[in-house]
Amino acid sequence: MSRSSPDAEATSRPGPGLAVLTAIVQPVGTAIAAGWQSGGVGIIGYALLVFSGLALADRHRFPRRNFLIVLAATLAYHLLGLPVGVTLLALMIAASAATAAGHRLLVAAAVAGSYASWVLVDGATLRQALLALALLAGTGVVTEIGTVIAGKIRDGILEERRLAEERQRRRATEQRLLIAAELHDVLGHHLSLINVRAGVGLHLMDRDPEQARAALDAIAQSSAEALREVQTVLNTLYPSGETAPRAPAPGLDRLGELTDDAAVATRTVIAGTVRPLPAAVDRAAYRIVQEALTNVRRHAGPRAAASVTITYRQDALVIQVDDDGTDVPGPAAAPGAAAPAGNGITGMRERAAALGGELTAGPAPDGSGGWRVRAILPLDPEPSPEEVAS
């Protein structure tokens, strides 16, 4: 269990502002009220009123002790027979703090005992005793209401803090999942490409050294690109300002590079009017194409051919990746067969779902034995010419 630092606790604890205000209000208010009464407050009376107000400064650290000190000062003031005025304010605040800390029985017993002592020592008349009792009862009601309100406010603050921490943890978890998905896509794509190029290089090492050298160059480029992308993803783990990404997040503007490095024959078709995309959609589209081509290399083989179709619709971006299944052994899967629950397909589907879209993956509907990945990523519809004119 984590503990709060002393500095944090000191910051969260209320300051002495209320104590100072009470130490001012009590003597000033009582001095005004004493103008309509016989006798004056006197130095001792003012000292007791100021002291009981300032004593509230530690009411949150030691509520029980603080309440007893304030009660003693208030009782001493009234036992001296000094004028009645704003003399119970400090006692109300101290009693509220003690009650909130769970000392309700102590507060009730101490107030009752103090009242009885005042009646016996001061020799109060029945009228004075009843008036004092009514004043104490009213003070008790106000104190109880204040305690309830303060408790509600405190509970609300704690609940809001808990919800804020929960939201922060959820955002951190979502960010980690996004980073994990990015790393899966980057490493899966480039390692698969390196594996294919390495196999080609080994196969051509003796027969065609130049082609083998080209395969090794492609491996070097792919590994360097993988390192750059991994560094870009990992940079998001650092606090803002500590390190900046060295490369922009990949998008469909790099689709040509992606298909050129796919290690399978790839045809690209762009339909609709190309326009800037939201960053999240652009990045997700790139990763979906990347993962789909990686799956082609893994499952259909390097001799397979793939086609990537990007369709810009007014309300959505449609991504479709097909392969001809050339190297797939055995009979072709029947159309409509369930897609294998691999991490790659799951990751692509989650990317699409996170943007409010959908992704399907399964055998090509034409029965050719190939595989089709199709994603629909919603876009904010562009305004019509009439809307723009208006």
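Residues numbered from 1 in each chain as written. Predicted model: local features only at pLDDT ≥ 70, side-chain atom pairs only at ≥ 80, totals over all residues. Heavy atoms only, no water.

**Things to note about the overall build of the protein**
Summing up its helical and strand segments, the protein has 12 helices and five strands in all. Across the 390 residues in the protein, those meeting the buried criterion constitute 35%. Intrachain contacts of the protein at a sequence separation of at least 6 include 70% that bridge at least 24 residues. Here the protein has roughly 22,600 Å² of accessible surface; of this, 61% comes from carbon and sulfur atoms. (Helix = DSSP H or I, 4+ residues; strand = E, 2+ residues; numbered from the N terminus. Buried < 20%, exposed > 50% of the residue type's maximum accessible area, 1.4 Å probe, protein only. Contact = heavy atoms within 4.5 Å. Areas by Shrake-Rupley, 256 points an atom, 1.4 Å probe, with all protein chains shown as cover.)

**Looking at the sheet that holds strand β2 (residues 305-312)**
Ordered in space as β1-β2-β3-β5-β4, the five strands form an open sheet in which the pairing is mixed. Both edges of this open sheet fall to β1 (265-272) and β4 (358-363), since each of them pairs with a single strand only. The mean angle between the axes of side-by-side strands here comes to 10 degrees, regardless of whether they run parallel or antiparallel. Relative to strand β5 (residues 371-378), β4 runs antiparallel, the two being bridged by six bridges. By the bridge assignment for β5, Ala361 is matched with Val373. Packed onto the sheet, helix α10 (residues 279-300) meets β1, β2, β3 (316-323), β4 and β5 and runs at close to 10 degrees relative to β3. (Pairing = 2+ DSSP bridges. Axes fitted to C-alpha atoms, helices over the stretch in contact; angles between N-to-C directions.)

**Remarks on the nonpolar core**
Grouped together as the largest cluster of nonpolar side chains are 33 residues, with contacts concentrated most on Val289, Leu293, Ile310, Leu317, Ile319, Leu359 and Leu377. Listing elements by their share of this core, those giving two or more residues are α9 (255-260), α10, β2, β3, α11 (343-354), β4 and β5. Of all the elements, α10 adds the most residues to this core, at 10 residues. The residues touching Ile319, leaving out its near neighbours within four places in the chain, are Ala285, Ile288, Val289, Thr309, Ile310, Val373, Arg374, Ala375 and Leu377. Counting 15 residues, the second largest nonpolar core, distinct from the first, contains Leu88, Ala94, Ala95 and Ala98. (Core = buried A, V, L, I, M, F, W, Y, C linked by side-chain atoms within 4.5 Å.)

**So, the pattern of salt bridges**
Applying the stated rule across the entire model yields eight salt bridges. One salt bridge connects Asp315 with Arg313, and the closest N-O pair in it is separated by 3.5 Å. Look at Asp315 and you get partly exposed, because its relative accessible area is 41%. On the basis of relative accessible area, Arg313 is assigned to the partly exposed category, the value being 33%. Because the salt bridges share partners, they merge into one network encompassing Glu159, Arg162, Glu166 and Arg170. (Salt bridge = Lys/Arg side-chain N within 4 Å of Asp/Glu carboxyl O.)

**Some details on helix α3 (residues 42-54)**
For α3, with 13 residues, the first-to-last C-alpha span of 18 Å sits near the 18 Å given by 1.5 Å per residue. All of the buried residues along α3 are Gly45, Leu48, Leu49, Ser52 and Gly53. Looking straight down α3, one finds its buried side chains confined to an arc of 130 degrees; they lie on one side. Exposed side chains of α3 directed beyond 90 degrees from the buried face belong to Ile43 and Ile44. (Expected span 1.5 Å × (residues − 1). Arc of directions from axis to C-beta.)

**Focus: the confidence of the model for the protein**
Residues of the protein with pLDDT of at least 70 account for 76%, and the chain-wide mean is 76. Long-range and interchain partners of residues 1-12, a stretch whose pLDDT sits below 50, account for one contact in this model, where long-range means more than four residues apart. Across residues 383-390, where pLDDT falls below 50, the model places one contact with residues more than four positions away in sequence or in other chains. (pLDDT = per-residue confidence, 0-100.)

**A word on the side chain of Arg59**
With respect to the element layout, Arg59 can be found in the loop between α3 and α4 (63-79). Summary of buried charges: Arg59 has no salt-bridge partner, and the nearest side chain of opposite charge, Asp58, is 7.6 Å away. A polar side-chain atom of Arg59 sits 2.9 Å from the main-chain carbonyl oxygen of Leu56. A polar contact of 3.5 Å, which involves the side chain of Arg59, links it to the side chain of His60. Those residues in contact with Arg59, other than ones at most four positions away along the chain, are Leu18, Asn66, Ile93 and Ala97. (Lys, Arg positive; Asp, Glu negative; His and termini not counted. Polar contact = N/O pair within 3.5 Å; in protein donor to acceptor, adjacent residues only side chain to side chain.)

**Overview of the packing of α3 against α4**
Where α3 contacts α4, the two axes come as close as 9 Å, and the packing angle between them is 160 degrees. As far as their axial angle goes, α4 and α3 are roughly antiparallel. Note on packing geometry: the crossing formed by α3 with α4 is left-handed. Seen from α3, the contacting residues are Gly45, Leu48, Leu49, Phe51 and Ser52; seen from α4, they are Ile69, Val70, Ala73, Thr74, Ala76 and Tyr77. Taken together, the residues of the contact of α3 with α4 sort by class into eight nonpolar, three polar and no charged. (Parallel < 35°, antiparallel > 145°, perpendicular 65-115°, else oblique. Left-handed = near helix turned anticlockwise from the far one by under 90°. Nonpolar A, V, L, I, M, F, W, Y, C, P; charged D, E, K, R; others polar.)

**Focus: the packing of helix α2 (residues 17-34) against α3**
In the contact formed by α2 and α3, the axes pass within 7 Å of each other and the chain directions differ by 155 degrees. By the angle class used here, α2 and α3 are roughly antiparallel. Considering how the two elements wind past one another, α2 and α3 form a crossing that is right-handed. Contacts from Ala19, Val20, Thr22, Ala23, Gln26, Pro27, Thr30 and Ala31 in α2 reach Tyr46, Leu49, Val50, Ser52, Gly53 and Leu54 in α3. Taken together, the residues of the contact of α2 with α3 sort by class into nine nonpolar, five polar and no charged.

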